[in-house]
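A structural walkthrough
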Amino acid sequence: MTQYDFLLKGGQVIDPANNIDAPLDLAVRGDRIAQVAPDIPSAQAAQTIDVSGLYVTPGLIDIHVHVYHTREPETLSIIADHHTFRSGVTTVVDTGTAGARHFLHFKRTVIDRWKTRIFAFINIVNSGMRGPFEQDVSEMDPALAASIVLAYPDDCVGIKTAHYWVSKPFDDAHPPWAAVDRALEASELCQKPLMVDFWHREGRTYQELLRKMQPGDIHTHVYAQQFPILNNANMPADFMFEARERGIIFDLGHGAGSFWFRQAIPAFNGGFPPDSISTDLHIGNVNGVVHDMLNTMSKLLCMGMPLNDVISRSTVAPAREIGHPELGSLSIGAEADIAVLRQERGAFGFVDCGYARMNGDRKLSCEMTIRAGEIVYDLNGRSTPLWEDAPPKYWQIRYPSGAIEP
């Protein structure tokens with residue numbers, strides 16, 4: 001009698017949460033990781049999948065996306081499952097597309113429907129993102145935003161503030177720090193982190209923002225062009241290290257306009273890598289400069305970040321940042337969210353938000369993704385038999401949902 005449903009055999013397991021980077025096999029039973037060990041006998045599994053020459057990692061976690069695609073008016077959101085599994089991502093966090101007014105609709109029509117695990121940062125603006133209401137201070141209700149986070153702890157991971165910058169100049173009706181201050185208040189009320197998207201201009205400075213933020217708060221878009229993160233010597237400014245020492249988290253948040261090599265490379269070379277890697281994926285950049293999580297990770301890889309660190313900042317680090325340390329690892333007993341990745345070698349080009357190119361000699365691609373023990377993406381059919389050897393059920397159509405059609 002077999003012990004495991006399937007066995008991933010012959011891969012290089014990278015599990016930074018458990019300090020593992022070694023050739024190991026991984027066995028799955030039900031929706032859980034059952035064993036990680038050298039040379040697990042194939043006879044112990046109902047199915048053995050050869051992953052020789054590939055990397056077996058925890059399912060990737062992208063903590064800055066926009067996936068509330070059922071929202072009206074349109075919010076640039078993508079459909080989660082269409083873009084996650086093909087890049088090894090099993091968990092995402094929608095960052096403020098929904099405020100308190102629309103969260104239940106977001107939960108009912110998206111979060112509860114898709115296989116991708118979806119969390120949410122609740123926008124301090126009741127009506128969420130992408131509209132004139134983002135400049136309306138009366139829409140910023142700390143108690144209401146916090147109440148949603150507290151009422152739905154399985155879905156909500158914190159508060160988001162963004163896009164409060166259109167009104168010029170700031171005046172009595174538009175105090176310069178209204179959105180940030182009210183978001184900080186909501187974060188304090190629900191005891192969850194705040195994620196900040198920010199554009200500094202007269203009336204507020206970047207350094208003042210970092211001083212306002214609390215330990216555990218997340219500053220996304222760290223390498224955006226507007227932030228004075230580099231000093232006159234083109235090195236990371238001292239206040240950046242001071243903020244990190246105080247517990248402020250710096251997330252990549254690539255996006256359509258927030259990642260620039262002229263910021264990222266000097267900062268990285270000067271000892272200031274991002275704490276986590278995320279895409280800010282939406283329909284405005286999925287076919288532009290971002291593409292997916294693996295393309296974003298590959299940029300850091302080609303900038304010189306070791307592969308283990310790239311995986312760490314895409315798994316265990318974001319899991320910790322959003323308060324879900326049970327995710328982002330391959331621990332025995334953990335839910336079986338797994339990515340099987342390939343590191344390709346060759347001549348590749350990577351583009352930043354100014355449409356400037358960095359050449360690289362490697363990139364990551366996804367061979368297989370497993371979500372809660374189910375193989376949801378299998379690029380080269382590693383989990384399937386050769387057609388000549390297929391059993392009679394080969395003549396039936398088996399859908400990813402499990403339905404079978406004769």
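Look a little higher up for the structure.
Note that this is a predicted model, so its numbers are computed, not measured.

Below, the discussion takes up the packing of helix H3 (residues 142–151) against helix H4 (residues 178–190). Packed helices, taken two at a time, are described by the angle between their axes plus the distance between the axes. As a packed pair, H3 and H4 sit with axes 8 Å apart at the nearest point and diverge in direction by 40°. Two packed elements cross with a definite hand, and for H3 against H4 that hand is right-handed. Contacts from Pro142, Ala143, Ala145, Ala146, Val149 and Leu150 of H3 reach H4 at Arg182, Glu185, Ala186, Leu189 and Cys190. Partitioned by chemical class, the residues of the contact of H3 with H4 number 9 nonpolar, no polar and 2 charged.

What follows covers the packing of aromatic side chains. Tallying each qualifying case throughout the model produces 12 aromatic pairs. Ring centres 4.7 Å apart and planes at 20° place the aromatic pair tyrosine 206 and phenylalanine 227 in the stacked group. Taken together, the residues tyrosine 206 in helix H5 (residues 206–212) and phenylalanine 227 in the loop between strand E11 (218–219) and helix H6 (238–245) connect sequence positions 21 residues apart. The same class applies to tyrosine 206 and to phenylalanine 227, which are both buried. Its guanidinium or amino end placed over the ring of tryptophan 177, arginine 204 lies 6.0 Å from that ring's centre, counting from NZ or CZ.

So, about the pairing of strand E15 (residues 374–378). Judged from the 4 bridges that link them, strand E14 (residues 357–371) and E15 form a sheet pairing that is antiparallel. Within E15, the residue paired with threonine 369 across the bridge is tyrosine 377. Between E14 and E15, which follow one another and run antiparallel, lie 2 residues, and alanine 372 among them has a positive phi close to 55°.

Right, let's talk about the pattern of salt bridges for a bit. Throughout the structure, instances matching the rule amount to 15 salt bridges. Note that aspartate 25 is salt-bridged to lysine 9, the shortest N-O span being 2.6 Å. On the criterion of sequence distance, the pair formed by aspartate 25 in strand E2 (residues 20–29) and lysine 9 in strand E1 (residues 6–15) is long-range, its members being 16 residues apart. Assessed through its relative accessible area of 4%, aspartate 25 is described here as buried. Residue class for lysine 9 comes out partly exposed when judged on its relative accessible area of 24%.

Below, the discussion takes up the sheet that holds strand E10 (residues 194–196). Strands sit in the order E6-E7-E8-E9-E10-E11-E12 across an open sheet of 7 strands; the sheet is parallel. Edge positions in the sheet fall to strand E6 (60–65) and strand E12 (249–250), since each has one partner strand and no second. Note that E10 and E11 share 2 bridges and pair parallel. Residue pairing for E11: valine 196 is matched across the bridge by histidine 219. Contacting strand E7 (89–99), strand E8 (117–123) and strand E9 (156–161), helix H2 (residues 103–111) runs over the sheet at an angle of about 165° to E8.

Right, let's get into the environment of serine 278. The residue serine 278 is located in the loop between helix H7 (261–269) and helix H8 (293–303) in this model. Classification of serine 278 by relative accessible area gives buried; the value is 0%. Taking the C-alpha atoms as reference, serine 278 lies 8.7 Å from glycine 255; in sequence the two are 23 residues apart. When near neighbours in sequence (up to four residues on either side) are disregarded, serine 278 contacts Asp62, Ile63, His64, Thr220, Asp251, Leu252, Gly253, His254, Met293 and Thr296.

This model, assessed by the stated rule, comprises 0 disulfides. No disulfide involves cysteine 353; its nearest neighbouring cysteine sulfur is the one of cysteine 302, lying 17 Å away. On the basis of relative accessibility, which here comes to 9%, the residue cysteine 353 falls in the buried class.

Note: E1 against E2, 8 bridges, orientation antiparallel. Note that in E2 the partner of leucine 7 across the bridge is alanine 27. Relative to strand E3 (residues 32–37), E2 runs antiparallel, the two sharing 5 bridges. Paired with leucine 26 across the bridge in E3 is valine 36. Hairpin connection from E2 to E3: 2 residues lie between these consecutive antiparallel strands, with glycine 30 at a positive phi of about 65°.

Analysis parameters
- Residues numbered from 1 in each chain as written.
- Predicted model: local features only at pLDDT ≥ 70, side-chain atom pairs only at ≥ 80, totals over all residues.
- Heavy atoms only, no water.
- Axes fitted to C-alpha atoms, helices over the stretch in contact; angles between N-to-C directions.
- Helix = DSSP H or I, 4+ residues; strand = E, 2+ residues; numbered from the N terminus.
- Left-handed = near helix turned anticlockwise from the far one by under 90°.
- Contact = heavy atoms within 4.5 Å.
- Nonpolar A, V, L, I, M, F, W, Y, C, P; charged D, E, K, R; others polar.
- Phe/Tyr/Trp six-rings, centres within 6.5 Å; stacked < 30°, edge-to-face > 60°.
- Buried < 20%, exposed > 50% of the residue type's maximum accessible area, 1.4 Å probe, protein only.
- Lys NZ or Arg CZ within 6 Å of the ring centre and 35° of its normal.
- Pairing = 2+ DSSP bridges.
- Salt bridge = Lys/Arg side-chain N within 4 Å of Asp/Glu carboxyl O.
- Disulfide = S-S within 2.5 Å.

Any functional reading would require information beyond the geometric quantities listed.
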